[in-house]
Every structure is written in structure tokens, then in C-alpha cells.
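Chain by chain, the residues:
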Amino acid sequence: MKMDSNKTLDDILGLASTHFKVPRERLTPDDDFFKTLGIDSLQALDLLTKLENHFRVELPDYELQGVTDFRTLAERIQARL
Amino acid sequence: MLDLDKYSCLGEALKAALDRWPNETCLIEADRDREKTRLTYSDFKEMALPLARALQDAEFDPGQRAAILMTNQSKWLISAYAVFYCGGVLVPLDYKLTASEQLQLLKHSKPQVLIIEYYLWRAMSQLPECKELTSRVLVTEAPLKADLAGAHRWEDFRRRGEPQFHSRRRDDAACIVYSSGTGGRPKGCVLTHENYLEQCKALTAWYPFWPGVRYLSILPTNHAIDFMVGFIGPFVCGACVVHLRTLRPEFVRDAFVKYKITYAALVPLIVKNLERGLRAKFAELSPVKRFVLDRFIGLNKMLTKKNAKVERSRKLLSQVHAGFGGELQALITGGAFMEPSTMQFFYDLGVPVINGYGLTEAGTALTLNDLKPFRADTVGKPLPGVELRILNPDAEGIGEVAAHSKTVMSHYLDDPELTAATIVDGWLLTGDLGKFDVDGHLQLFGRKKNMIVTEGGKNIYPEDVENAFDGLPVKEYCIFAANYVWPSKSLGKEMLILVLRLEEKQEFTDALKEEIIGRNRKWPDFKRVGGYIVWEKDFPRTASMKIKRDDLARDMGKAIDRTAVTTL
């Protein structure tokens with residue numbers, strides 16, 4: 001069964017919070033995750049790997065191209081679920 | 001390797017290579033830990049010639065242009081060879097640009113053919129301005145039922161029958177490579193076959209490839225460095241290129257081991273990531289093991305003080321080298337500032353990091369470290385055939401680097417004015433500031449030109465970033481590289497700044513700040529402005545109302561310092 005898009009977004013925020021040790025309440029869907037998490041492009045790819053494992057879906061690197069906020073990232077993932 | 005003096009163009013040299021080493025592996029393509037493709041030179045030829053024939057049947061003639069927009073993969077090189085076989089001019093475009101930016105460069109370069117990866121075409125074909133594109137479009141890896149919006153499927157675009165090989169003269173254009181210009185003035189560097197053949201000869205004189213060498217290609221192939229050391233160089237030496245279709249650090253590390261990589265060109269961001277990984281591993285060692293490791297590193301430092309001895313280092317620090325596959329000769333870096341401490345860290349482990357300096361306008365590289373001895377504080381010595389001068393040196397000997405070499409581009413496409421300002425009496429004015437030390441090594445000390453280079457090796461020009469701010473509710477605005485306004489003798493920590501001139505009685509409000517932040521986010525992180533300044537005077541302008549950037553930068557530099565910048 002396809003996951004609800006709000007749940008996808010919520011899971012992403014939770015995983016980002018755990019992985020990069022940023023309090024969950026500080027993260028909002030429209031945050032620029034590079035800035036909020038203080039990460040570079042390689043660390044963003046690392047996040048993508050964590051999301052793949054969680055959602056059990058393969059996400060090519062290009063799915064991150066041009067994406068800077070959690071909401072768009074969730075949309076990209078949702079489209080592949 | 002082939003004697004490149006015998007060939008008049010890249011197509012001829014590559015054709016000879018395909019015939020010379022038919023059974024050697026030339027390409028391996030892997031996606032994560034899965035190997036997707038492995039081709040010999042003979043297989044490569046079999047894949048490229050039917051494409052060349054189909055291009056010719058579609059009236060792609062010698063001298064016409066074909067753009068490539070693809071991530072690093074075998075089809076990039078196969079397509080490029082097919083284009084050269086037809087006598088075409090290649091336009092390698094940056095797949096990391098936005099679809100709109102890519103269309104702007106296509107509009108400027110006017111290629112007859114565009115070869116593009118499906119996910120990029122999907123984004124581009126949705127833009128209204130894509131309707132103006134007149135190129136024949138070949139799309140790779142499209143899903144079977146995908147709507148290709150009138151494009152052809154690359155995999156089906158092939159014809160039987162021997163294509164005709166079209167040779168080119170040495171001074172004919174081989175490639176048009178954009179060094180900037182997606183928002184401002186397009187800078188399409190027209191590089192000739194001679195530029196590439198001479199560059200390849202010079203690089204391989206210092207760092208030869210040979211059959212059995214495996215080069216890991218993860219820098220974009222559209223970039224000058226990978227095009228040379230991840231395509232032309234290995235091919236004319238019978239070596240093998242390994243494409244990895246992900247930049248995820250865990251798979252990059254695994255690829256070194258799995259494919260026993262000999263050379264890899266990496267941007268500082270990735271080299272630093274490898275350094276972090278190694279340091280973390282070292283930190284986990286027991287005190288005894290750490291003590292032993294440090295002693296071996298100390299011994300290696302002593303042994304390699306005068307020059308690199310990779311074989312010996314490999315024996316001494318076998319476990320570290322096993323983590324790189326055990327065949328690594330060197331890492332190549334360039335195109336962006338690299339911290340000397342990182343280079344030294346790897347050199348001390350017996351993994352030389354070859355630092356160099358170059359710019360698209362000069363082919364690939366002008367200088368390179370020859371490791372005799374290793375120097376982390378310079379960008380090396382001029383390559384064979386390259387003459388460098390320091391123009392108007394100051395009291396410390398620092399001035400603009402000018403280059404004279406057979407590798408310097410012919411001209412900027414359709415811009416004689418910019419060409420005349422950039423190549424003066426046969427000397428390329430690089431816009432970079434440097435000086436030579438007593439050993440003939442070039443050291444760089446900042447830029448004279450208004451641009452920054454990121455850790456990821458991207459050249460960012462303020463004019464190309466400005467269009468995200470079109471319509472910003474202020475009187476006028478302009479973007480600068482901070483180091484252009486306040487010259488710095490350092491290449492680290494570069495940033496772009498947004499200069500705002502508000503309307504009379506306009507206040508700088510939180511809403512305006514939010515608007516700036518929102519617009520800034522239109523760009524990927526590496527392209528964003530890092531801070532802003534509210535300037536109290538009208539911008540100086542020409543009669544045609546263009547901002548006099550140099551004058552504005554000079555006025556600002558005199559009136560205020562860097563502390564006036566508010567970080568975004």
C-alpha cells in the first residue's frame with residue numbers, strides 16, 4: 001500500500017533529525033536542509049542513502065539535483081513509492 | 001601510447017586507439033555496487049560506428065555541432081567518439097545546471113544534435129522555451145513507454161553500414177566548452193584539436209597511462225579535467241575508464257578497491273571526505289596499533305621527502321593502501337582550492353595528491369606538481385610547452401598570470417570583443433593572481449576576476465546568479481565575489497555577496513530579507529549568495545545603463561570593509 005505523503009514527509013524529518021542530530025522541532029518541511037542541517041552535498045547524498053533504506057526504494061543521485069527543501073524531497077520520494 | 005604528433009584530430013587519434021588495443025578493456029560502468037557495462041576497445045567501436053552512421057544518414061555533416069548532456073557513463077564517450085568520427089564539433093554541457101540554463105547555452109551554441117539523458121530531457125522538454133529548440137534530440141535510457149516529446153531514442157538511433165570517417169585539421173574546432181554565461185555573457189571556449197592533442201601529450205609526458213591503468217571517472221565528463229584524463233588520455237594509451245554513476249562516498253570508496261583504481265581526479269570536497277573517513281578509522285585503532293601506524297607514517301615521510309615512492313609506501317602502509325585497492329598511483333585535484341594540510345595528509349600515507357592549475361580557456365591544465373619533490377603549497381610547475389608570465393608584479397612579485405601555449409583556446413564563440421580582451425598578443429590573461437617561487441613553482445594568491453570557485457570545483461560567476469533576483473523590490477542590485485571587492489591573497493572561503501540599493505525612504509525589512517532568502521534558494525547551495533550589503537549610493541552606470549561593476553566594486557572596497565556584509 002502506498003504511504004501517505006504526510007507520513008513520508010514526517011519520516012524524512014525524523015530521519016534527518018536523528019541522523020544529523022538536530023532537534024526534530026527545529027525542522028520544518030520548507031527548510032533549506034543544507035542550511036538547517038549544516039551539511040554539504042556529499043552529506044546530503046548520505047541522507048539519501050538513509051532514506052532509501054527506510055523507504056526501501058532506490059533513489060538515484062539525480063533525484064537530489066536542484067532539491068534543497070524537505071517538502072520537495074518528500075515529493076520525489078513519494079513519486080517512487 | 002600513440003604518438004600524438006602523427007594525428008591531425010581527436011577522431012583520428014581515437015580511431016587509431018580503437019584499432020591498436022582491440023582486446024583491452026576501455027570502459028567499465030558501475031552503478032553503486034552493480035557493474036552495468038564492460039567494453040573492450042573493439043566493443044566500443046561496434047557501439048559507436050552505427051551511431052556515427054545514423055548521424056551521417058541524418059545529415060550531420062563535418063563541422064556541425066552536437067551537444068552532450070549526460071552524467072558520466074559509457075554512452076557519453078561512445079556518443080562523443082561518434083561525433084568526432086563524423087568530423088563534428090562537440091558541445092559538452094553541464095548536467096548540473098538547471099534545464100533553463102541548459103537551454104540558454106543550447107540557444108547560444110546552436111547544435112544540430114543534442115544527446116541527452118532521459119531525466120534531463122524530461123525536465124527540459126517541460127519548459128515552454130524548449131519548443132524553440134531546433135536540434136535533433138537523442139535521449140538515452142528512456143523508459144519504454146516514456147513520451148519523448150518528439151525526440152529519438154538513443155539506443156534505437158543506429159544504422160548498419162560503414163560510416164565515412166571525416167578527418168579535421170589541427171586548427172579546426174573540436175569542442176565548445178562553456179566556462180560561464182548562463183545568465184550573463186556566454187563564454188563558449190572554442191578549443192581546437194591541436195589544443196587537446198598538445199594538452200594530452202604534455203600531461204601524459206609527466207603522468208603516463210598504459211594498458212591496464214584504471215582511471216576512476218567521477219568528475220563530470222563535461223568538465224575539462226575529466227574530458228582529458230577520463231577520456232582522451234586513457235584512450236590514446238590503451239587504458240581503462242571506470243564510470244561510477246553515484247557520488248555516494250561509500251560506493252566511491254568501494255570502487256577504488258573493487259576496480260583497483262590507478263588514478264582518480266577528485267574535487268576537494270571528495271578528497272576531504274576521504275580524509276575524514278581515514279582519520280575516523282585511525283581514531284578507532286587501539287593505542288598500540290595507532291602507535292605502530294604513526295611510526296610507519298613517520299618512516300614513509302622520511303623516505304618520500306625528496307620524491308614520491310609509491311611502490312615502497314604501498315609495502316610500508318599496506319593496509320591503508322589496500323583500502324584504495326592497492327594499485328593507486330595518485331589522486332589528481334585541481335580546479336578549486338585544496339587545503340595543503342589535506343594534500344600533505346595523503347602524501348604522508350604514500351598517496352600523492354597531484355595539484356594543478358588550469359582553466360577551460362587553456363584546455364585542461366597549465367601547471368602540475370611533478371612530485372619532485374611533493375609540494376602542498378603550490379600548484380606546481382608549468383607543463384611542457386606552457387610558458388607563464390606574471391604581469392605587473394607588485395613588490396612581493398604577485399601579479400596576473402598570463403599563459404602562452406598551444407593548449408590555449410582559439411576564441412570565445414561569437415564574441416570577438418571578449419576574445420580580444422582575454423587573449424592579448426597570443427597571451428591568455430587568466431585573471432588569477434600568482435607568483436613563482438625560487439624553484440619555479442607557481443603559487444596562487446586570489447583572483448583579479450569577479451568569480452568564485454567552490455570546493456566542489458564549480459566556477460560561479462556573479463552575473464549568472466543575478467537572474468534569480470530579477471524583480472527584487474529594491475531600486476537596484478548587483479552581485480559580486482567578495483574577494484573581488486576586497487582583494488584577498490587567499491583562495492579559501494570564497495563567497496558571493498548581494499549589493500542592494502534601496503528606493504528613497506525604503507527600509508530594509510524582514511519581508512525583504514525573506515524574499516532574498518527565498519530567491520537565493522532557487523539555486524543549488526553552491527551557487528547561492530552568502531551575504532548582503534545595503535549600499536547608500538546609486539550604482540554607476542554606462543550610457544547604455546549597464547552597471548559599471550568595476551567602478552562600483554572599487555567604490556565599495558574603499559568605503560567599507562568585509563564586516564559590513566550581513567550573512568544570509
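For clarity, every value in this text was computed on a predicted model and none was experimentally measured. (Residues numbered from 1 in each chain as written. Chains lettered and ligands numbered in written order. Predicted model: local features only at pLDDT ≥ 70, side-chain atom pairs only at ≥ 80, totals over all residues.)

Caption draft 1: Representation of the overall build of chain B in the model. Scanning chain B for helices and strands turns up 18 helices and 28 strands. Compactness check: chain B gives a C-alpha radius of gyration of 24 Å against a globular reference of 24 Å for 568 residues, within 12% of the reference. Taken along the three principal axes of its C-alpha coordinates, chain B extends 75 × 65 × 50 Å. Of all 568 residues assigned to chain B, the portion counted as buried reaches 48%. A separation of at least 24 residues holds for 68% of the contacts in chain B among residues at least 6 apart in sequence. (Helix = DSSP H or I, 4+ residues; strand = E, 2+ residues; numbered from the N terminus. Rg over C-alpha atoms; globule rule 2.2 N^0.38 Å. Buried ≥ 20, exposed ≤ 12 C-beta atoms within 10 Å, placed from the backbone. Contact = placed C-beta atoms within 7 Å.)

Caption draft 2: Structural detail: the environment of T221(B). Residue and element names in this part refer to chain B. Within the secondary structure, T221 is located in the loop between strand 10 (214-217) and helix 7 (224-235). For the pair T221 and W76, spaced 145 residues apart in sequence, the C-alpha to C-alpha distance is 8.0 Å. With sequence-adjacent residues up to four places away left out, T221 is seen in contact with N72, W76, P92, D226, F227, G230 and F231.

Caption draft 3: Focus on helix 10 (residues 287-303) of chain B. Relative to the 24 Å expected for 17 residues at 1.5 Å per residue, helix 10 of chain B spans 24 Å between its end C-alpha atoms, a close match to the ideal helical length. Among the 17 residues of helix 10 of chain B, 1 are classified as buried, and the element is accordingly described as predominantly exposed. (Expected span 1.5 Å × (residues − 1).)

Caption draft 4: Just the domain arrangement of chain B, in detail. Splitting chain B by domain gives domain 1 (4-258), domain 2 (266-447) and domain 3 (461-567). Taking the mean C-alpha position of each, domain 2 of chain B and domain 3 of chain B sit 32 Å from one another. (Domains from an automatic or database assignment.)

Caption draft 5: Up close: the sheet that holds strand 26 (residues 496-501) of chain B. Residues and elements named next belong to chain B. One open sheet accounts for 4 strands, arranged 25-26-27-28; its pairing is mixed. Single-partner strands in this sheet number two, and they are strand 25 (476-481) and strand 28 (566-567). Pairing geometry for strand 26 and strand 27 (residues 531-534), over 4 bridges, is parallel. What sits directly across from L498, in strand 27, is Y532. (Pairing = 2+ DSSP bridges.)

Caption draft 6: Summary view of the pairing of strand 5 (residues 113-117) of chain B. Residue and element names in this part refer to chain B. Most of strand 5 sits out of view: 5 of its 5 residues are buried. What you see with strand 5 is no split at all: V113, I115 and E117 on one side and L114 and I116 on the other are buried throughout. Inspection of the sheet shows strand 3 (residues 65-69) paired to strand 5 by 4 bridges, in the parallel sense. Looking at strand 5, one finds that A67 is bridged to L114. In this region the chain leaves strand 5, passes through helix 5 (residues 118-124) and returns to the parallel neighbour strand 6 (residues 136-140); the handedness of that crossover is right-handed. (Right-handed = clockwise from strand over helix to strand, strands pointing away.)

Caption draft 7: Region of the structure containing the confidence of the model for chain B. Model confidence for chain B is summarised by a mean pLDDT of 92, while 98% of its residues fall at 70 or above. Both confidence scores are given for the complex: pTM 0.87, ipTM 0.86. (pLDDT = per-residue confidence, 0-100.)

Caption draft 8: The packing of helix 1 (residues 10-20) of chain B against helix 3 (residues 74-85) of chain B, seen in detail. Residues and elements named next belong to chain B. The contact between helix 1 and helix 3 brings their axes to 8 Å, and the two run at 120°. Between helix 1 and helix 3, the angle is such that the two are oblique. In this structure, the crossing between helix 1 and helix 3 has a hand that is left-handed. Taken together, the residues of helix 3 that come into contact with helix 1 (itself represented by L10, G11 and L14) are Y81, F84 and Y85. Its residues assigned to classes, the contact of helix 1 with helix 3 shows 5 nonpolar, 1 polar and no charged. (Axes fitted to C-alpha atoms, helices over the stretch in contact; angles between N-to-C directions. Parallel < 35°, antiparallel > 145°, perpendicular 65-115°, else oblique. Left-handed = near helix turned anticlockwise from the far one by under 90°. Nonpolar A, V, L, I, M, F, W, Y, C, P; charged D, E, K, R; others polar.)

Caption draft 9: Representation of the interface of chain B and chain A within the structure. Between chain B and chain A, the residue contacts involve 14 residues of the former and 13 residues of the latter. Ranked by the residues each element gives to the side of chain B that touches chain A, the list is headed by helix 9 (residues 268-284) of chain B, at 3 residues. Partitioned by chemical class, the residues of the side of chain B that touches chain A number 6 nonpolar, 4 polar and 4 charged.

Caption draft 10: Highlighting unusual backbone geometry. Residue and element names in this part refer to chain B. The step from K372 to P373 runs through a cis peptide bond, and the omega angle for that step is 5°. Here P373 lies in the loop between strand 15 (367-368) and strand 16 (381-382). Positioned with a positive phi, K260 is a non-glycine residue whose angle comes to about 45°. Mapped onto the elements, K260 comes out in the loop between helix 8 (249-258) and strand 12 (263-265). Among the residues examined, K260 registers 15 C-beta atoms within 10 Å and is labelled partly exposed. For L371, which is not glycine, the phi torsion reads 65° and is therefore positive. Its location among the elements puts L371 in the loop between strand 15 and strand 16.

Caption draft 11: Region of the structure containing the pairing of strand 9 (residues 187-192) of chain B. All names here are of chain B. A large share of strand 9 lies buried, amounting to 6 of its 6 residues. Residues of strand 9 alternate between two faces, with K187, C189 and L191 on one and G188, V190 and T192 on the opposite face, all of them buried. Direction of pairing for strand 8 (residues 173-180) relative to strand 9: antiparallel, over a ladder of 6 bridges. Bridged to A173 within strand 9 is T192. Of the strand pairs in this sheet, strand 9 and strand 19 (residues 411-412) are connected by 2 bridges, and their pairing is antiparallel. Paired with C189 across the bridge in strand 19 is Y412.

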